[in-house]
Amino acid sequence: MTEKLAIGVDVGGTNTVTGLVDTEGKTHGERSFKTREYPYFEDYVERLVQDIESLRRIAPGTELAGIGIGVPNGNYFSGVAENPINIRWYERNRDGSQGAQILTIPFVETVKKHSPSLPVVIDNDANAAALGEVVAGCAQNVDSAVILTLGTGVGSGVVLNGKILTGCTGGAAELGH
């Protein structure tokens, strides 16, 4: 049976980190770059896709199950990040100058354009961190946990009875900005 791996993406206000992980939570490779070096979302995604493709080449003979993206204000239900705090991406005008700030970031749709055969999901970065801690971290073997994230920003994720608490719009338990 072919081993299944996944790409995890942690989009932060300072750095973006991608990792190739297995079902046990073991990391098989990691890449990172400075988020703020890419003021245009389209350029940012091109760099992100380069790292994803680089990670895919690390483990020949394995199957890639999908891509999971954690980003501030990421919404699992809509596939977008709504005005992610501490991250500013802009449109590029036709003349190459900086246009308006993009407030609704279409992460899932944009990444799927580059990897159409893979499932792509997004969630609030703190929710993704909470789920990671319950599956493979310090909160293993518990049904409920509250995780606080401290980085360029502040966030929180809640796992209640083994499930991420999202609420009906995806913003439940967000105690950060």
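Scroll up a little and you will see the structure.
Attention here is on the structure that accompanies the text. Everything numeric here is computed off the predicted structure, so don't read it as measured data. (Residues numbered from 1 in each chain as written. Predicted model: local features only at pLDDT ≥ 70, side-chain atom pairs only at ≥ 80, totals over all residues. Heavy atoms only, no water.)

Here we take up the environment of E3. Structurally, E3 is set in the segment before β1 (4-11). The exposure class of E3 is partly exposed, given its relative accessible area of 38%. C-alpha of E3 to C-alpha of V154: the two residues are 151 residues apart in sequence and 35 Å apart in space. When residues no more than four places from it in sequence are discounted, the contact partners of E3 are D22, H28, T62 and E63. (Helix = DSSP H or I, 4+ residues; strand = E, 2+ residues; numbered from the N terminus. Buried < 20%, exposed > 50% of the residue type's maximum accessible area, 1.4 Å probe, protein only. Contact = heavy atoms within 4.5 Å.)

With respect to the helices, strands and loops of the structure, N75 is situated in the loop between β4 (63-71) and β5 (81-82). A distance of 3.1 Å separates a polar atom in the side chain of N75 from the backbone nitrogen of S78. The residues touching N75, leaving out its near neighbours within four places in the chain, are V80, I122, T169 and G170. (Polar contact = N/O pair within 3.5 Å; in protein donor to acceptor, adjacent residues only side chain to side chain.)

On to the pattern of salt bridges, then. Counted according to the given criterion, the structure contains six salt bridges. Ionic pairing is found between E63 and K4, a salt bridge with its closest N-O pair at 3.9 Å. Taken as a pair, E63 in strand β4 and K4 in strand β1 lie far apart in primary sequence, 59 residues in all. Classification of E63 by relative accessible area gives partly exposed; the value is 38%. Judged by relative accessible area, which is 44%, K4 ranks as partly exposed. Between D51 and R47 there is a salt bridge whose closest N-O contact spans 3.3 Å. (Salt bridge = Lys/Arg side-chain N within 4 Å of Asp/Glu carboxyl O.)

So, on to the sheet that holds β4. Taken in spatial order, the five strands line up as β3-β2-β1-β4-β9 in an open sheet, and their pairing is mixed. Looking at which strands have only one partner, the edges of the open sheet turn out to be β3 (27-34) and β9 (120-124). This sheet shows a mean twist of 20 degrees between the axes of neighbouring strands, independent of strand direction. Here seven bridges tie strand β2 (residues 15-22) to β3, and the two strands are oriented antiparallel to one another. (Pairing = 2+ DSSP bridges. Axes fitted to C-alpha atoms, helices over the stretch in contact; angles between N-to-C directions.)

Let's shift gears to the sheet that holds strand β11 (residues 154-160). In spatial order, the strands read β10-β11-β12; together these three strands make up an open sheet with antiparallel pairing. The sheet is open, and its two borders are formed by β10 (145-150) and β12 (163-164), each paired with just one other strand. In the packing of helix α3 (residues 125-136) onto the sheet, contacts are made with β10, β11 and β12, and the angle to β11 comes to roughly 50 degrees.

On the surface, Y76, F77 and V121 cluster together into a nonpolar patch covering about 320 Å² of accessible area. With respect to the element layout, F77 can be found in the loop between β4 and β5. (Patch = residues over 30% accessible without salt bridge, like charges linked within 9 Å, V, L, I, M, F, W, Y side chains within 5 Å. Areas by Shrake-Rupley, 256 points an atom, 1.4 Å probe, with all protein chains shown as cover.)

Turning next to the pairing of β1. Burial of the side chains of β1 is restricted to one face: L5, I7, V9 and V11 are buried, whereas none of K4, A6, G8 and D10 on the reverse face is. Looking at chain direction, β1 and β4 are connected through seven bridges and run parallel. Looking at the pairing, A6 lines up with G66 of β4. With seven bridges joining them, β1 and β2 adopt antiparallel strand pairing.

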